[in-house]
Amino acid sequence: MTIGKYTLHQIDSGFFALDGGAMFGIIPKPLWTKTNIADDRNRIKLTTRNLLLVNDSRKILIDTGMGQKWDKKSKDIYAIDQTESELTNSLQFLGIEPEDITDVLLTHLHFDHTGGSTVLRNNKLEPAFPNASYYVQEQNFEWAQHSTERDKGSYIKENFEILAKEGLLKVLKGNVEKLDEEISIVRVNGHTRGQQLFHLHDSSTNLLYCADILPTAGHLPLQYIPGYDLQPLITLQERKLLWKKAAEEDWFLFLEHDPENCCIKIESTEDGYLVAEQYDRLP
Ligand SMILES: [Zn+2]
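In this text the structure is predicted, and so the values were computed from the model without any measurement.

(A) The arrangement of the overall build of the protein chain in detail. Along its length, the protein chain carries eight helices and 16 strands. In terms of C-alpha radius of gyration, the protein chain reaches 18 Å, essentially the compact-globule figure of 19 Å for 283 residues. Burial statistics for the protein chain: of 283 residues in total, 54% are counted as buried. When contacts within the protein chain are restricted to residue pairs at least 6 apart in sequence, those whose partners lie at least 24 apart make up 68%. Summed over all atoms, the accessible surface of the protein chain reaches about 12900 Å², with 49% contributed by carbon and sulfur. Positive and negative side-chain charges of the protein chain, numbering 30 and 43 respectively, have mean locations separated by a distance of 5 Å.

Given below as structure tokens:
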């Protein structure tokens, strides 16, 4: 897929799993298991699917997956599996080395979105992409450092502090609406504070990198909101606006966590929003 001057590549960076109940909030299990099967520990399988935008001068990566800095116990809890796909390998498959990445756009600093932003080399924590500028919303960076008892487990400082220390972190103010002609920022605050989604567009194609406002296709019904969300009624409002636009304007919704579907298109029906088209790979 190309959008404007950019060629897009899907970057698979691994699998993990989270509790299905936590992922579907108030929705009863008999309903959410219709789309997302639970394992014997009630976890649903998730992927970390990132996106790479390439043009003559820039190689832009959106989110970085879980990364490699996990101990044995956490690997087991989150069923982390990077044997089939891993961030650095997936980039190298396209002939891209970590040094080549010019920009890393981080939707937010939860560990499954920025885990691969830093690496341990000889027991020393380093930025994984040494020549890149990393972008995050100011509000999310502030929140990540002062999160609450309820959500502090999702923010691991090893995944972002060093980026700021080394001057690689570009903290975006709320008034920045575009990063380039084709890359607009959509700020949402229901899931955490200052999550940024990326709306990629040219005259013929729209694609929204949905991050955690739509983790999997199974989360499409407006009320199927993860229990992790700090402000679910804000999420609901944000979804209403975005789903309407996506249905009316035929957007690709790029799903970061859906192990089956890379993208979907949606339609508005009497029964609510439904999947109209699904793509297991980026078309
Ligand atoms: Zn998140």
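(B) Focus on the coordination of the zinc ion. For the zinc ion, the protein coordination sphere consists of His108 (NE2), His110 (ND1), His191 (NE2) and Asp212 (OD), at 2.0 to 2.2 Å. Given four donor atoms and angles of 88 to 171° at the metal, the environment of the zinc ion is assigned as irregular. Between the donor residues of the zinc ion, the gaps in sequence give the motif H-x1-H-x80-H-x20-D. Of this pair, His108 sits in the loop between strand S5 (103-105) and helix H5 (111-114) while His191 sits in the loop between strand S11 (183-188) and strand S12 (195-201), and the two are 83 residues apart along the sequence. The class for His108 is buried, based on a relative accessible area of 0%.

(C) Inspection of the sheet that holds strand S9 (residues 169-172) at higher detail. One open sheet holds the seven strands; their spatial order is S1-S2-S3-S4-S5-S8-S9, and the pairing between them is mixed. Of all the strands in the sheet, the pair left with one neighbour each is strand S1 (2-3) and S9. By the bridge criterion, three bridges tie S5 to strand S8 (residues 133-137) in an arrangement that is parallel. Bridging across to S8, Leu105 finds its partner in Tyr135. Each of S8 and S9 is contacted by helix H6 (residues 138-145), which is oriented at about 85° to S8, the strand it contacts most.

(D) Examining helix H8 (residues 232-248) more closely. Taking 1.5 Å as the rise per residue, H8 with 17 residues should run 24 Å; its terminal C-alpha atoms sit 24 Å apart, in good agreement. Considered for burial, the residues of H8 that qualify are Thr235, Leu236, Glu238, Arg239, Leu242, Trp243 and Ala246. Projected onto a plane normal to the axis of H8, the buried residues spread over an arc of 165° and lie on a single side. Relative to its buried face, H8 has exposed residues pointing more than 90 degrees away, namely Leu233, Leu241 and Glu248. Packed against the buried residues of H8 are S11, S12, strand S13 (206-209), strand S14 (252-254), strand S15 (263-269) and strand S16 (272-279). Positive phi shows up at Asp250, right after H8, with a value of about 60°.

(E) Layout of the nonpolar core. Counting residues in hydrophobic clusters, the biggest one holds 41 residues, and the most contacted among them are Leu8, Leu51, Leu53, Leu200, Leu207, Leu214 and Leu242. Among the elements that take part in this core, S11 stands out by supplying four residues, more than any other.

(F) Looking closely at the pairing of S15. Pairing geometry for S14 and S15, over two bridges, is antiparallel. Paired with Leu253 across the two strands is Ile264, which belongs to S15. Bridge count for S15 against S16 is seven bridges, and the pairing is antiparallel. From the neighbouring strand, Glu267 faces S16, where its bridge partner is Leu274. Following S15, the chain reverses through two residues before pairing antiparallel with S16.

(G) Structural detail: the pairing of strand S7 (residues 124-127). By the bridge criterion, four bridges tie strand S6 (residues 118-121) to S7 in an arrangement that is antiparallel. Residue pairing in the sheet places Thr118 in a bridge with Pro127 of S7. A loop of two residues connects S6 with S7, the two strands running antiparallel in sequence, and Asn122 in this loop sits at a positive phi of about 50°.

(H) Fine view of the side chain of Asp63. With respect to the helices and strands, Asp63 occurs in the loop between strand S4 (59-62) and helix H3 (72-77). In terms of polar contacts, Asp63 uses its side chain to reach the side chain of His113, at 2.8 Å. Residues in contact with Asp63, not counting those within four places in the same chain, are Asn50, Leu105, Leu106, Thr107, His108, His113, Tyr209 and Glu256.

(I) Local environment of the environment of Phe24. Position of Phe24 relative to the elements: it lies in helix H1 (residues 20-24). Residue classification places Phe24 among the buried residues on the basis of a relative accessible area of 0%. Counting along the chain gives 201 residues from Phe24 to Ile225, while the straight-line C-alpha distance between them is 5.7 Å. Discounting residues that sit within four places of it in the chain, Phe24 has contacts with Trp32, Asn36, Ile44, Thr216, Gly218, His219, Tyr224, Ile225, Pro226 and Gly227.

Rules and cut-offs
- Residue indices begin from 1 for each chain and proceed along its sequence in written order.
- Whole-chain, interface and lining totals are the exception, using all residues; otherwise, since this is a predicted model, local features are given only for residues with pLDDT of at least 70 and side-chain atom pairs are given and counted only at 80 or more.
- The side-chain values count all of the structure's non-hydrogen atoms but skip hydrogen atoms and water molecules.
- Secondary structure elements are taken from DSSP: a helix is a run of H or I of four residues or more, a strand is a run of E of two residues or more, and numbering for both begins at the N terminus.
- We take the radius of gyration over the C-alpha atoms and set the globule estimate at 2.2 Å times the residue count to the 0.38 power.
- Only protein chains enter the accessibility calculation, which uses a 1.4 Å probe. A residue is then buried if its area is under 20% of the maximum for its type, exposed if over 50%, and partly exposed in between.
- Only heavy atoms enter the contact rule, under which two residues are in contact if any of them lie within 4.5 Å.
- Only the protein chains shown count as cover for residues, and the accessible areas themselves come from Shrake-Rupley with a 1.4 Å probe.
- Think of it this way: Lys and Arg go in the positive column, Asp and Glu in the negative one, and His and the chain ends go nowhere.
- By convention, the charge on Lys lies at NZ, on Arg at CZ, on Asp at CG and on Glu at CD.
- Counted as coordinating are nitrogen, oxygen and sulfur atoms within 2.8 Å of the metal, or 3.2 Å for Na, K and Ca, while water is not included, which may make sites look incomplete.
- Labels for metal geometry use angle windows, namely 85 to 135 degrees for all angles of a four-donor tetrahedral site, and for square planar (four donors) or octahedral (six donors) sites opposite donors over 155 degrees apart plus all others within 65 to 115; sites meeting none of these are irregular.
- Strand pairing follows a simple DSSP-based rule, namely that at least 2 bridges must link the two strands.
- Axes, fitted as lines to C-alpha atoms, cover a helix only where it is in contact. Angles between the N-to-C directions of the axes lie from 0 to 180 degrees.
- Helix span is expected to be 1.5 Å times the residue number reduced by one.
- Note that the arc is defined by the directions from the helix axis to the C-beta atoms.
- Residue types Ala, Val, Leu, Ile, Met, Phe, Trp, Tyr and Cys, when buried and joined through side-chain atoms within 4.5 Å, form a set referred to as a nonpolar core.
- Side-chain atoms alone can form a polar contact between residues adjacent in sequence; in general such a contact is a pair of N or O atoms within 3.5 Å, and within protein one must be able to donate a hydrogen while the other accepts it.

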